[in-house]
Amino acid sequence: MTKKIVPEVLSRRAMLRSAVSIGAAALAAPALAQDAFNDLIGSSRRGNWDDQFDANSSRAAVGVASNTPVLSPESPAFVQQAMMQYQQIVSNGGWPEVPPSQQRLQIGVSDPSVQALRQRLMISGDLPREAGISSAFDSYVDGALKRFQARHGLPADGVIGEYTLKALNVPAQIRLAQLQTNLVRINTMSGDLGPRHVMVNIPAASIEAVENNRVVLRNTAVVGRDTRPTHIINSKIYEIILNPYWTAPRSIVEKDIVPLMQKDPTYLERNNIRLIDGRGQEVSPTTVDWNAPKIPNLMFRQDPGKNNAMSSTKINFHNPNNEYMHDTPQQGLFNKLMRFESSGCVRVQNVRDLTSWILRDTPGWSRQEIERVIASRVNTPIKLAQEVPVYFVYITAWSTRDGVVQFRDDIYSKDGNAELALNTTTVMEQPSGAIDDDLVPRN
């Protein structure tokens, strides 16, 4: 199946008009926010500190994960249900703004701003009503904040940092509009995506392997930065290359590799990069004048190996943008707060798990055989016996069967409201030199 996705940007006013149109249905939803808020206001105080430790609260973030695909056939209904919930919250006045604090807000702290935090988390359904109102950042608040952070794609550390505070203070009306925007996108993808397919959600920097409408594998990803975005596309994976070669683009050769060779003539040798001429013959770096006005008209090809820019694996799919998914020797990138810093290609954590799943129906490629070939360091292209559909989508808000509503930073500013772009991308290292220099070997 091939669909054409047209990225849409809706105005806030248009989104809100559409959201209000479901207001009548929303009134039938449980008035959870206001009822719970009233209970909180009327609850008895237990001094300045809540000494009841709730062990389950500290594990609340675990319950956010779901095996329901972002693009399941039921996803439009799930989002509509979430919209009714948020319409009710908006009708009841939204949630309070959480003020910044002079101290680091985390478990064990007592601070007046925690009262507003408790109200905010209760109204969004993250904090149980029995937690009460106080200034104490106790285990209830810790668990609720971790759940909130997990729902917003932030590290679930239970600490209010800059980006958690920004996410907390996005008004409910804007979150409702964000759901409406993404309902349009999800409806566009509501058809039959195939019994086995891969979905890359760009704002979530996440990959789902879906089988029979169930997520069987979820991988963390690194996607394109805003100046070099990963493209939205429907395609098919047709090939996996184990131990791929990496050929440096001319821009990298000019802006990065030549200056590196001028400083360190051993750079190419240390990084297993060979020079190949137009006849396919290898050329020694010692025969090249690295200070010449023009860069050498040679191919710069890096051998397979652990230091290869694509490491063990390259996953090819049909597209006009020369984008692909791949492994990386820089595994620490997956631990970053926000993972939007590639040049458009998608790096995949635990890529061998995804590779094994993709190759399942290609005879002769068990996980054991994949590992054996990778260990051999021999370049090995594998054509899939049956191509696997892959969908690159831009979904910043969705909901699942269990009613957990998820939001993500609008990294490419497509949602029509500046408050949804939390500027979390500014925490990454800013690129220097060529736009593709994230692939330059630095050994």
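Along each chain, numbering runs from 1 in the same order as the chain's sequence is written. In view of the model being predicted, local features appear only for residues whose pLDDT reaches at least 70, and side-chain atom pairs are presented and counted only at 80 or more, with totals across whole chains, interfaces and linings using the full set of residues. By convention in this description, side-chain values take in all heavy atoms of the structure and omit both hydrogens and water.

Caption draft 1: Looking closely at the packing of helix α11 (residues 351-358) against helix α12 (residues 367-376). All axes here are fitted lines through C-alpha atoms, helices being fitted over the stretch that makes contact, and every angle between N-to-C directions spans 0 to 180 degrees. Strands here mean DSSP runs of E at least two residues long; helices mean DSSP runs of H or I at least four residues long; both are numbered from the N terminus. Where α11 meets α12, the axes come as close as 10 Å, and the angle between the chain directions of the two elements is 125°. Taken together, the axes of α11 and α12 lie oblique to each other. Two packed elements cross with a definite hand, and for α11 against α12 that hand is right-handed. Of the residues in α12, those touching α11 at Arg-352, Asp-353, Thr-355 and Ser-356 are Arg-367, Ile-370, Glu-371 and Ile-374. Class assignment of the residues belonging to the contact of α11 with α12 gives a composition of two nonpolar, two polar and four charged. Angle categories are assigned with fixed cut-offs, so that under 35 degrees is roughly parallel, over 145 is roughly antiparallel, 65 to 115 is roughly perpendicular, and the rest are oblique. Two helices crossing with the near one rotated counterclockwise from the far one by less than a right angle form a left-handed crossing, whereas a clockwise rotation gives a right-handed crossing. Contact between two residues is taken to exist if any of their heavy atoms lie within 4.5 Å; hydrogens are not considered. In the scheme used here, Gly and all other residues not listed as nonpolar or charged are polar, with Ala, Val, Leu, Ile, Met, Phe, Trp, Tyr, Cys and Pro taken as nonpolar and Asp, Glu, Lys and Arg as charged.

Caption draft 2: Structural view of the confidence of the model for the protein. For every residue, the predictor reports its confidence as pLDDT, a number between 0 and 100. When pLDDT is averaged along the protein, the result is 83; 81% of the residues meet or exceed 70. Counting contacts from residues 425-438, a segment whose pLDDT is below 50, to residues more than four positions away or on other chains yields 40 contacts.

Caption draft 3: Looking closely at unusual backbone geometry. For Asn-213, which is not a glycine, the phi torsion comes out positive at approximately 60°. Relative to the helices and strands, Asn-213 is located in the loop between β2 (206-211) and β3 (215-224). Burial classes: relative accessible area under 20% of the type maximum marks a residue as buried, over 50% as exposed, and values in between as partly exposed (1.4 Å probe, protein chains only). For Asn-213, a relative accessible area of 30% gives the class partly exposed. Non-glycine residue Arg-377 carries a positive phi angle of around 65°. When its relative accessible area of 45% is taken as the criterion, Arg-377 is described as partly exposed.

Caption draft 4: Looking closely at the pairing of β2. Of all six residues making up β2, six are buried, and the element is well covered by its neighbours. Of the two faces of β2, the one carrying Ser-206, Glu-208 and Val-210 and the one carrying Ile-207, Ala-209 and Glu-211 are both buried. Pairing between strands is defined by DSSP: at least two bridges between the two strands are required. Bridge count for strand β1 (residues 196-201) against β2 is six bridges, and the pairing is antiparallel. Along β2, the bridge assignment pairs Val-200 with Ile-207. Taking the residues between adjacent antiparallel strands as the criterion, β1 and β2 are bridged by four residues, where Ala-205 takes a positive phi near 50°. Across five bridges, β2 lies against β3 in antiparallel orientation. From the neighbouring strand, Glu-208 faces β3, where its bridge partner is Arg-218.

Caption draft 5: Summary view of the nonpolar core. Definition used in this section: a nonpolar core is a set of buried Ala, Val, Leu, Ile, Met, Phe, Trp, Tyr and Cys residues joined via side-chain atoms within 4.5 Å. Core analysis: the biggest nonpolar cluster contains 58 residues, and Ile-237, Met-325 and Leu-354 have the highest contact counts within it. Counting residues in hydrophobic clusters, the runner-up holds 25 residues, among them Val-79, Tyr-86, Ile-186 and Ala-397.

Caption draft 6: Molecular detail of the sheet that holds strand β7 (residues 282-283). Taking strand neighbours across the sheet as the criterion, the four strands line up as β5-β8-β6-β7 in an open arrangement whose pairing is antiparallel. The open sheet has two free edges, formed respectively by β5 (246-247) and β7, since each of these has just one partner strand. Examined bridge by bridge, strand β6 (residues 273-276) and β7 share two bridges and lie antiparallel to one another. Looking across to β7, one finds that Leu-275 is bridged to Val-283.

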